[in-house]
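# Architecture at a glance
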Amino acid sequence: MLRTVVPPGLPPLQADKAQLEAVLVNLTNNGRDAMAAGGTLILAAEAVTVPGAENPPHNIQPGTYLRLSVSDEGEGMSPEVLARVSEPFFTTKPRGKGTGLGLAMAHGFAEQSGGGLTIRSVLGEGTTVSIWLPRLPDAVAVQERESDDTASDRGAVPEGGNAILLAEDKAEVRAVLAAQLDDHGYQVREAEDAASALAILEGGFRPDALVTDLSMPGALDGLDLLREVRLRLLRLPAVLVTGHAGDAEVERMREAERGGPFALLRKPASPEALLDRLARVLRQAGIHAIAVNQ
Ligand SMILES: Nc1ncnc2c1ncn2[C@@H]1O[C@H](COP(=O)(O)OP(=O)(O)OP(=O)(O)O)[C@@H](O)[C@H]1O
Ligand SMILES: [Mg+2]
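Residues numbered from 1 in each chain as written. Chains lettered and ligands numbered in written order. Predicted model: local features only at pLDDT ≥ 70, side-chain atom pairs only at ≥ 80, totals over all residues. Heavy atoms only, no water.

Under an unreviewed UniProt entry, the name given to the protein is histidine kinase, and the source organism is Paracraurococcus lichenis. Among the UniProt annotations of the protein, the heading Catalytic activity (unreviewed entry) holds the following wording: "ATP + protein L-histidine = ADP + protein N-phospho-L-histidine." (UniProt positions renumbered as here; feature names shortened; annotations may be inferred.)

As structure tokens, then:
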């Protein structure tokens, strides 16, 4: 089973998205491999401060971080294995199964990003691997000092450009919304229901936001779809388009709000309102969402 623990209001972080993805996939696979008999894998994110202590219990410098942890209830590691896991090519997996590069890469990535990696493991009980990444304000300050001359280039990034997954069952409505987004430079992929939206993700499409109708035919409605999507793309920004919302939906909407940047758009949705909500949730995200393959 996979569980995510992501409190609302987390600060943004700055790190290379593709590398972070690769690292999280490896940690998740390691956890899965350690739980041959099953168990729960937890992906957690939290904001933490490391004070300037005399003898810190780990090698993380004082500062403020976003800590991403992957915990399993698997076999754990002996002290001998634990001492060597970050060595390149160290693996206990059978030939052809592991290259032993996963944790070495994770370690390198965390340090290059200005943070670090810690591991807690108890034989027979499980393992937690944490990646500590500096909170954005610190990282931005460092980057701006290092690359003053390229700062103006950053302004040249075209507006829009973001990839949007659009789920709406009514073909005419979907075509109108897609055309509006396309006119404003968004890259849109269209789905007629939740199942096809998930199939598009399985196909490798990585949206920066989800725009979805609430009521759609099929087993999953728009809020169910959002929950499923965020299991794969943590805290993905989302806009929910809805005609009416009953009491039953209110609690689910609160949950959607806690799960990441979220905006509601009442039907009939005007183009301006859609663009406004979308821009707002993307802005709130600060970073693009973190992808986690299951
Ligand atoms: N969650 C875990 N529980 C128990 N042992 C682990 C865990 N994560 C890593 N290990 C141990 O650390 C070793 C090194 O892990 P690492 O991710 O670097 O390489 P790998 O998984 O063996 O191969 P690769 O990731 O390159 O496919 C593993 O072979 C395993 O012995
Ligand atoms: Mg691995």
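### Regarding helix α6 (residues 171-183)
Here α6 contains 13 residues, and its C-alpha end-to-end distance of 18 Å stays within 8% of the 18 Å for a straight helix at 1.5 Å per residue. Burial in α6 covers these residues: Arg174, Leu177, Ala178, Gln180 and Leu181. End-on, the buried residues of α6 take up no more than an arc of 160 degrees, which puts them together on one face. For α6, the exposed residues lying more than 90 degrees away from the buried face are Glu172 and Asp183. Of the surrounding elements, those touching the buried residues of α6 are β6 (163-167), β7 (187-191) and α10 (271-285). (Helix = DSSP H or I, 4+ residues; strand = E, 2+ residues; numbered from the N terminus. Expected span 1.5 Å × (residues − 1). Buried < 20%, exposed > 50% of the residue type's maximum accessible area, 1.4 Å probe, protein only. Arc of directions from axis to C-beta. Contact = heavy atoms within 4.5 Å.)

### A word on the pattern of salt bridges
Between side chains of opposite charge, a pair can form as their charged atoms come close. Applying the stated criterion across every chain, the model contains 15 salt bridges. Measuring nitrogen to oxygen at the nearest pair gives 3.0 Å for the salt bridge that ties Asp224 to Arg252. Of this pair, Asp224 sits in helix α8 (residues 222-232) while Arg252 sits in helix α9 (residues 247-258), and the two are 28 residues apart along the sequence. On the accessibility criterion, Asp224 (16% relative accessible area) is buried. Accessibility expressed as a relative area gives 21% for Arg252, which makes it partly exposed. (Salt bridge = Lys/Arg side-chain N within 4 Å of Asp/Glu carboxyl O.)

### Looking at the sheet that holds β6
Strand order in the open sheet made by the 5 strands is β7-β6-β8-β10-β11, with parallel pairing throughout. Each end of this open sheet is capped by a strand with a single partner; those strands are β7 and β11 (262-266). With strand direction ignored, the average angle separating the axes of adjacent strands in the sheet is 20 degrees. The pairing of strand β8 (residues 209-213) with strand β10 (residues 238-242) spans 4 bridges and is classified as parallel. (Pairing = 2+ DSSP bridges. Axes fitted to C-alpha atoms, helices over the stretch in contact; angles between N-to-C directions.)

### So, the pairing of strand β3 (residues 63-72)
Summarising burial for β3: 8 of the 10 residues are buried, a large majority. Bridge count for strand β2 (residues 41-50) against β3 is 9 bridges, and the pairing is antiparallel. From the neighbouring strand, Val50 faces β3, where its bridge partner is Gly63.

### Quick notes on the nonpolar core
Soluble, globular proteins show a tendency: their nonpolar side chains are buried together. Leu20, Leu27, Leu68, Ile131 and Leu133 are the most contacted members of the largest nonpolar core, which has 26 residues in total. Of all the elements in the fold, those that place two or more residues in this core are α1 (17-34), β2, β3, α3 (102-112) and β5 (126-134). If you look at the next biggest cluster of nonpolar residues, it comprises 24 residues, including Ala163, Ala167, Ala194 and Leu198. (Core = buried A, V, L, I, M, F, W, Y, C linked by side-chain atoms within 4.5 Å.)

### A word on the packing of α6 against α10
Between α6 and α10, the shortest axis-to-axis distance is 10 Å and the interhelical angle comes to 60 degrees. Put simply, α6 runs oblique to α10. Regarding α6 and α10, the two cross each other, and that crossing is right-handed. Residues Leu177, Gln180 and Leu181 of α6 lie in contact with α10, whose contacting residues are Pro271, Leu274, Leu275 and Leu278. Residue composition of the contact of α6 with α10, by class: 6 nonpolar, 1 polar and no charged. (Parallel < 35°, antiparallel > 145°, perpendicular 65-115°, else oblique. Left-handed = near helix turned anticlockwise from the far one by under 90°. Nonpolar A, V, L, I, M, F, W, Y, C, P; charged D, E, K, R; others polar.)

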